[in-house]
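# Chain and residue survey
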Amino acid sequence: MTYLDFEKPIEDLEKELVKLREVAVKSKVDVSSSISELEEKIKSKRREIYSSLTAWQRVQVSRHPERPYTLAYIEALAGNTFIELHGDRTVKDDKAMVGGFGEIDGQTVMFIGQQKGINTKMRQYRNFGMANPEGYRKALRLMKLAEKFNKPIITFIDTPGAYPGLEAEERGQGEAIARNILEMTGLKVPVICIIIGEGASGGALGIGVGDRVLMLENTWYSVISPESCSSILWRSWNFKEKAADALKLTATDMLENKLVDGIIPEPMGGAHQNPAETFQLVKTEILNHLSTLKSIPSEERIRQRIEKFCAMGVVHEMDSTN
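Residues numbered from 1 in each chain as written. Predicted model: local features only at pLDDT ≥ 70, side-chain atom pairs only at ≥ 80, totals over all residues. Heavy atoms only, no water.

Another aspect to go through is the overall build of the protein. In terms of helices and strands, the protein carries 14 helices and eight strands. A globule of 322 residues ought to have a C-alpha radius of gyration of about 20 Å, and the protein, at 22 Å, matches this closely. The principal-axis extent of the C-alpha atoms belonging to the protein is close to 75 × 60 × 40 Å. Counting only residues that meet the buried cut, the protein has 49% of its 322 residues in that class. Pairs at least 24 apart in sequence give 71% of the contacts found in the protein among residues at least 6 apart. When the accessible area of the protein is evaluated, it comes to approximately 15900 Å², of which 54% is carbon and sulfur surface. Side-chain charges of the protein comprise 42 positive and 45 negative groups, with the mean position of each set lying 3 Å from the other. (Helix = DSSP H or I, 4+ residues; strand = E, 2+ residues; numbered from the N terminus. Rg over C-alpha atoms; globule rule 2.2 N^0.38 Å. Buried < 20%, exposed > 50% of the residue type's maximum accessible area, 1.4 Å probe, protein only. Contact = heavy atoms within 4.5 Å. Areas by Shrake-Rupley, 256 points an atom, 1.4 Å probe, with all protein chains shown as cover. Lys, Arg positive; Asp, Glu negative; His and termini not counted. Charge placed at Lys NZ, Arg CZ, Asp CG, Glu CD.)

With that settled, consider the side chain of His272. With respect to the helices and strands, the residue His272 is situated in the loop between strand E8 (262-264) and helix H13 (275-294). By relative accessible area, which is 6% here, His272 ends up buried. Within the structure, His272 has its side chain in polar contact with the backbone oxygen of Gly269 (distance 3.4 Å). The residues touching His272, leaving out its near neighbours within four places in the chain, are Met1, Tyr50, Val61, His64, Glu66, Arg67 and Pro68. (Polar contact = N/O pair within 3.5 Å; in protein donor to acceptor, adjacent residues only side chain to side chain.)

Looking now at the packing of helix H10 (residues 226-233) against helix H11 (residues 240-247). Here H10 crosses H11 at 105 degrees, and the two axes come no closer than 8 Å. It follows from the interaxial angle that H10 and H11 lie roughly perpendicular. Between H10, through Pro226, Glu227, Cys229 and Ser230, and H11, the contact on the second element is made entirely by Lys240, Ala243, Ala244 and Leu247. Of the residues in the contact of H10 with H11, the class split is five nonpolar, one polar and two charged. (Axes fitted to C-alpha atoms, helices over the stretch in contact; angles between N-to-C directions. Parallel < 35°, antiparallel > 145°, perpendicular 65-115°, else oblique. Nonpolar A, V, L, I, M, F, W, Y, C, P; charged D, E, K, R; others polar.)

So this is what it looks like as structure tokens:
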């Protein structure tokens, strides 16, 4: 288990618990009451810490290396019914963007999402979840395929941003993301977007326009990461905590500002503490929203989707005479 810096008290208690269990095995002494007491202390301490996380601490939880990624969600929701589809039919198959058809409780849907990779080798293979233009074009191809067969679309957002390399810009990174945003506003099928980790910049928006945009409790969604914001404003990463607070990037902040439609709770301690429970919570939300969205005519869904995104933000008109 990997512990974050603010989880040090929990780590110390869990080390004590491991030692106590070892003593119980070696000495064959009944210490069950002490073990139960220590387990309760751990739960209490975890509850205490996670009930008052700062914005920066939630960013850290969203990046936890043991947190489940897109393919883990798809496997849990669709099992062996998932058929991954590859390629953008123009350049290549971007491994940072995955997608394909699968079934949730007998309903066929199109899954699309960014995949970071579960170890160093796989993270390099997946480009750390940073998609190139062909990744966003593959996503759009799959969305259009889902629309053709009248199947709902579920996107899982977890990216530190679109790949910023020179070759990505040369192949039209900005145009690919902008095209996805435009096309997603007019899709005739229900679209549910779920932020399961990091939701950074255009990399997230490229698959983030939907009838329902949901965030897991310990995720973030912003135009820029706290570190990058800090480096721009203060010329140093040392103010990342301050930047995280100022950006209002947590799920609670985003819901208050009407930029997302709901928050999916996580098990105490984050999604990585109990992935199975997290998957079930996500599945329940998907099925509930799909049931509602399917009852709305496609033209009305599109109208509501466009109005929702057009209503975001604040406009100040200046008097031209001043």
